[in-house]
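The residues making up each chain are set out below.
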Amino acid sequence: MSTVAAVPKGNAMSTSLKDKLPPLGVLGPFIALLAACIFFATQTDRFLSGQNFSLILQQVMVVGVIAIGQTLIILTAGIDLSCGMVMALGSIVMTKFAADLGLPTPVAIACGIAVTTLFGLINGLLVTRLKLPPFIVTLGTLNIAFAITQLYSQSQTVTDLPDAMTWLGTTFGLGGTNVAYGAVLMLLLYFAAWFALRETQSGRHVYAVGNNPEATRLTGIPTQKVLLGVYVIAGVFYGIASLLSVSRTGVGDPNAGQTENLDAITAVVLGGTSLFGGRGVILGTLVGALIVGVFRNGLTLMGVSSVYQVLVTGVLVILAVAADQMSRKSAR
């Protein structure tokens, strides 16, 4: 008579529970965000208010949208250092076309997005056709975008913009809290990016290219087209971020974008996306951007100097990258 070994109920239940729980790399950013909110709620009474949370969303919406494009590129094991300055150039183009040339607002906005998309195309072609390292390519286009921005704007802020161009910076009432339309747009873009990466074939190709480009190519997937498409789409997101920047400030600022590239990379890393490519969740990037926004907002409410805010951000980035490294080693 055959016997069947009994499996202890406790082990079966724990195994089943492990299978149902998301991996720590996904939960980590949410836990960090929750812990940060709890900490600042105990330090200042003003933190836990709908108006303050709305302010945090407004403060991160520009970097948050840039970080979507940055996430796509980092998922392919690349990086884009030019994103902040390309965003600034897009904002100057659309504001000067509207204010100085008198173009209709939709046309001016489209021209600004077209310029940022063109830079994405240039980055993608240099990476895919000439096989140049993304770090070097985007470092070069960062400087080119900065120079063009300063020359075209003559280092002057563009003002007297039409109301339609700053509409996304206006707010609407929601439960006694004023919420910016731009913040809603950012959340919708994250949902669209999440759906595309999770549910579409093209989205799965992005992960495949970042995980193992040679094996992906051998399966018949056009890896170079995927890479080029990622950089172009990232350029589109930078253009949308240009519009959000103009909407939030009400001007075209040629000095904008000088730290947004690092802030976007910070959001991606804190959100759990691996700098080595092929692993990450786009919604984690949103959480990463919120973590940075919560820390800066909370420390400001506590009266902490902005220098220490930068210090804390740097420490968070190092911890996130270290955690990613340890996770990769343990997975081998």
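Small disclaimer: the values here were computed from a predicted structure and weren't measured.

### Points about the pattern of salt bridges
Right, on to step 1. Inspection of the entire model under this criterion finds four salt bridges.
Right, on to step 2. Asp-100 is the salt-bridge partner of Lys-96, the closest N and O atoms lying 2.7 Å from each other.
Right, on to step 3. Here Asp-263 and Arg-296 are joined by a salt bridge, their closest N and O atoms 3.2 Å apart. In this pair, Asp-263 is assigned in helix H11 (residues 260-270) and Arg-296 in helix H12 (residues 282-301), connecting sequence segments 33 residues apart.

### Re unusual backbone geometry
The general pattern is negative phi for most residues beyond glycine and trans for most peptide bonds.
Right, on to step 1. With a phi angle near 60°, Lys-131 is a residue other than glycine that sits in the positive phi range.
Right, on to step 2. Relative to the helices and strands, Lys-131 is located in the loop between helix H5 (105-128) and helix H6 (134-153).
Right, on to step 3. In this structure Lys-131 comes out as exposed when scored by relative accessible area, which is 55%.
Right, on to step 4. Phi is positive for Asp-160, close to 55°, though the residue is something other than glycine.
Right, on to step 5. Secondary-structure assignment places Asp-160 in the loop between H6 and strand S1 (171-174).

### A short note on the packing of helix H7 (residues 181-199) against helix H8 (residues 201-211)
Right, on to step 1. Put simply, H7 and H8 touch, their axes get as near as 5 Å, and they point 80° apart. Taken together, the axis directions place H7 and H8 in an arrangement best described as roughly perpendicular. From H7, Ala-196, Leu-197, Arg-198 and Glu-199 reach across to H8, where they touch Gln-201, Gly-203, Arg-204, Val-206 and Tyr-207.
Right, on to step 2. Partitioned by chemical class, the residues of the contact of H7 with H8 number four nonpolar, two polar and three charged.

### As for the packing of H11 against H12
Right, on to step 1. Between H11 and H12, the least distance of the axes is 7 Å, while the angle of their chain directions is 115°. With respect to the hand of their crossing, H11 and H12 are arranged in right-handed fashion. On H12, the residues that touch Asp-263, Thr-266, Ala-267, Val-268 and Leu-270 of H11 are Gly-284, Thr-285, Gly-288, Ala-289, Ile-291, Val-292 and Arg-296.
Right, on to step 2. Split by residue class, the contact of H11 with H12 holds six nonpolar, four polar and two charged.

### Things to note about the environment of Gly-84
Right, on to step 1. Looking at the secondary structure, you find Gly-84 in helix H4 (residues 83-99).
Right, on to step 2. According to the relative accessible area criterion, Gly-84 is buried, its value standing at 0%.
Right, on to step 3. In this structure the C-alpha to C-alpha distance between Gly-84 and Val-62, which are 22 residues apart in sequence, comes to 9.8 Å.
Right, on to step 4. Here Gly-84 is in contact with Gly-257, Glu-260 and Asn-261, once residues within four sequence places are set aside.

### Overview of the pairing of strand S2 (residues 177-180)
Right, on to step 1. Sheet topology note: the S1/S2 ladder contains four bridges and is antiparallel. Bridged to Leu-174 within S2 is Thr-177.
Right, on to step 2. Between the antiparallel neighbours S1 and S2 lie two residues, among them Gly-175 with a positive phi of about 60°.

### Examining the packing of aromatic side chains
Right, on to step 1. By the definition in use, this model includes eight aromatic pairs.
Right, on to step 2. Aromatic pair Phe-191 and Trp-194: ring centres 5.7 Å apart, planes at 35°, arrangement tilted. Placement of the pair is Phe-191 and Trp-194 together in helix H7, with a separation of three residues, close to one helical turn.
Right, on to step 3. Taking the relative accessible area as the measure of exposure, Phe-191 reaches 52% and is therefore exposed.
Right, on to step 4. With relative accessibility at 25%, the residue Trp-194 sits in the partly exposed group.
Right, on to step 5. Cluster of aromatic residues (ring-pair linked, three or more members): Phe-39, Phe-40, Phe-47, Phe-53 and Phe-295.
Right, on to step 6. The aromatic ring of Tyr-152 is capped on one face by Lys-96, whose charged end is 5.4 Å from the ring centroid.

### Considering helix H10 (residues 223-249)
Right, on to step 1. Compared with an ideal rise of 1.5 Å per residue, which puts 27 residues at 39 Å, H10 spans 39 Å between its outermost C-alpha atoms and is within 8% of the ideal.
Right, on to step 2. Here H10 lies mainly inside the structure; 19 of its 27 residues are buried.
Right, on to step 3. Two residues or fewer past H10, Gly-250 is found with a positive phi of approximately 80°.

### Looking at the nonpolar core
Right, on to step 1. The biggest cluster of nonpolar side chains holds 81 residues, and the ones touching the most others in it are Val-65, Ile-66, Met-165 and Val-294.
Right, on to step 2. Among residues more than four places away in sequence, those in contact with Val-65 are Met-186, Leu-189, Phe-237, Ile-240, Ala-241 and Leu-244.

### A short note on a nonpolar patch on the surface
Right, on to step 1. Side chains of Val-307, Tyr-308, Leu-311, Val-315 and Leu-319 sit close together on the surface and give an oily, nonpolar patch of about 510 Å² of accessible area.
Right, on to step 2. Looking at where Val-307 falls in the secondary structure, it is placed in helix H13 (residues 306-331).

Criteria and cut-off values
Residues numbered from 1 in each chain as written. Predicted model: local features only at pLDDT ≥ 70, side-chain atom pairs only at ≥ 80, totals over all residues. Heavy atoms only, no water. Salt bridge = Lys/Arg side-chain N within 4 Å of Asp/Glu carboxyl O. Helix = DSSP H or I, 4+ residues; strand = E, 2+ residues; numbered from the N terminus. Buried < 20%, exposed > 50% of the residue type's maximum accessible area, 1.4 Å probe, protein only. Axes fitted to C-alpha atoms, helices over the stretch in contact; angles between N-to-C directions. Parallel < 35°, antiparallel > 145°, perpendicular 65-115°, else oblique. Contact = heavy atoms within 4.5 Å. Nonpolar A, V, L, I, M, F, W, Y, C, P; charged D, E, K, R; others polar. Left-handed = near helix turned anticlockwise from the far one by under 90°. Pairing = 2+ DSSP bridges. Phe/Tyr/Trp six-rings, centres within 6.5 Å; stacked < 30°, edge-to-face > 60°. Lys NZ or Arg CZ within 6 Å of the ring centre and 35° of its normal. Expected span 1.5 Å × (residues − 1). Core = buried A, V, L, I, M, F, W, Y, C linked by side-chain atoms within 4.5 Å. Patch = residues over 30% accessible without salt bridge, like charges linked within 9 Å, V, L, I, M, F, W, Y side chains within 5 Å. Areas by Shrake-Rupley, 256 points an atom, 1.4 Å probe, with all protein chains shown as cover.

Coordinates in, geometry out; function isn't part of it.
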